[in-house]
Amino acid sequence: MAAKKDHAKGSACPCGKGAFAACCGRFISGAEIPATAELLMRSRYSAYALRDEAYLRATWLPETLPEEDLTGETDVNWIGLDIKKQTHVAGSDEATVEFVARFKVGGKAHRMHEISNFVRQPDADGTPRWYYVDGNFPGDA
């Protein structure tokens, strides 16, 4: 597993919504818990960009968590995130987030369009938190 990238305190957040420390950094560090599925999605994107395997595993529903390396190829450079839509019915413990993530591999640009499913449930301490369940790619059969 590749080492996670360092991210300077005042640097921009990989998700594109401000300074890392005030944005996704507070979740990745464990200082706060994302209050919405969208905030969790953004912090997971940032964790992919920073190659933070531990955060990705901690925020994935254990029942659907794969065993393989979650950070993927070492030459992937995540370059942008666009949240298209979040769907969450008030009072529900399920949500979806549709997004497009842009990345480069070997200098060639790619995009990943996914609709991610999330569930809110208590963690081992009884604190409710959002978890990534799985995702599908629009247009796939």
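Our structure is the block above this text.
Residue indices begin from 1 for each chain and proceed along its sequence in written order. With pLDDT at 70 or above as the cut-off, local features in this predicted model cover only qualifying residues; side-chain atom pairs require 80 or more to be listed or tallied, and sums for whole chains, interfaces and linings still use all residues. Side-chain metrics rest on all non-hydrogen atoms present in the structure, leaving aside hydrogens and water.

A. Structural detail: the overall build of the protein chain. Starting at the N terminus, helices and strands are each numbered in turn, a helix being any DSSP run of H or I of at least four residues and a strand any DSSP run of E of at least two. When helices and strands are counted, the protein chain shows three helices and four strands. Starting at the N terminus and ending at the C terminus, the protein chain contains elements arranged as α-α-α-β-β-β-β. With C-alpha atoms as the basis for the radius of gyration, the globule rule is written as 2.2 Å multiplied by the number of residues raised to the power 0.38. Relative to the globule expectation of 14 Å for 141 residues, the C-alpha radius of gyration of the protein chain, 15 Å, shows essentially globular dimensions. When the backbone C-alpha atoms are referred to their principal axes, the protein chain occupies close to 45 × 40 × 30 Å.

B. Representation of the pairing of strand β4 (residues 128-136) within the structure. Looking at chain direction, strand β3 (residues 108-122) and β4 are connected through eight bridges and run antiparallel. The residue of β4 that forms the bridge with Arg 120 is Trp 130. Strands are labelled as partners when DSSP assigns at least two bridges between them. Adjacent in sequence and paired antiparallel, β3 and β4 are bridged by five residues, among which Gly 126 carries a positive phi angle near 90°.

C. Focus on helix α2 (residues 37-50). Helix span is expected to be 1.5 Å times the residue number reduced by one. Its 14 residues give α2 an end-to-end C-alpha distance of 20 Å, which sits within 8% of 20 Å, the value for a rise of 1.5 Å per residue. A simple rule labels every residue: compare its accessible area, found with a 1.4 Å probe on the protein chains alone, to the largest value its type can have, and call it buried under 20%, exposed over 50%, or partly exposed in between. Within α2, 11 of the 14 residues are buried, which leaves it mostly tucked inside the rest of the structure. Turning to α2, its buried residues number three or more, namely Ala 37, Leu 40, Met 41, Arg 42, Ser 43, Arg 44, Tyr 45, Ser 46, Ala 47, Ala 49 and Leu 50. Residue contacts are counted whenever heavy atoms from the two residues lie within 4.5 Å of one another. Buried residues along α2 sit against α1 (25-28), α3 (53-58), β1 (76-88), β2 (94-105), β3 and β4. Remark: Arg 51 follows α2 within two positions and exhibits a positive phi of approximately 60°.

D. Summary view of the packing of aromatic side chains. By convention, a stacked pair of Phe, Tyr or Trp rings (six-membered ring in the case of Trp) has centres within 6.5 Å and planes under 30 degrees apart, an edge-to-face pair has planes over 60 apart, and any other such pair is tilted. The full count for this structure, using the stated rule, is five aromatic pairs. Taking the centre distance of 6.1 Å and the plane angle of 50° together, the rings of Tyr 48 and Trp 78 count as tilted. Here Trp 78 lies in strand β1 and Tyr 48 lies in helix α2, a separation of 30 residues in the sequence. Ring geometry for Trp 78 and Phe 103: centres 5.0 Å apart, planes at 45°, overall tilted. Linking Trp 78 in strand β1 with Phe 103 in strand β2, this pair joins segments that are 25 residues apart in sequence.

E. Just the layout of surface pockets, in detail. The volume enclosed by the largest pocket comes to roughly 380 Å³. Site definitions follow a grid-based scheme: protein atoms alone, a 1 Å grid, a 1.4 Å probe that fits but cannot get out for cavities, and for pockets an open set with protein on both sides within 12 Å along at least five of seven lines, plus lining residues having an atom within 4 Å of a point. Along its surface, the largest pocket is lined by 21 residues, and Tyr 48, Leu 70, Trp 78, Met 112 and Glu 114 are the ones closest to its centre. For the lining of the largest pocket, the secondary structure elements donating two or more residues are α2, β1, β2, β3 and β4. Sorting elements by how many residues they give to the lining of the largest pocket places α2 first, with four residues. Each residue gets one of three labels, nonpolar for Ala, Val, Leu, Ile, Met, Phe, Trp, Tyr, Cys and Pro, charged for Asp, Glu, Lys and Arg, and polar for the others, Gly among them. Split by residue class, the lining of the largest pocket holds 13 nonpolar, four polar and four charged. Lining the second largest pocket we find 14 residues, and of these Phe 27, Pro 34, Tyr 55, Thr 59 and Arg 129 sit closest to its centre. Grid points are joined across faces, edges and corners, and a volume is the space filled by probe spheres set on the points.

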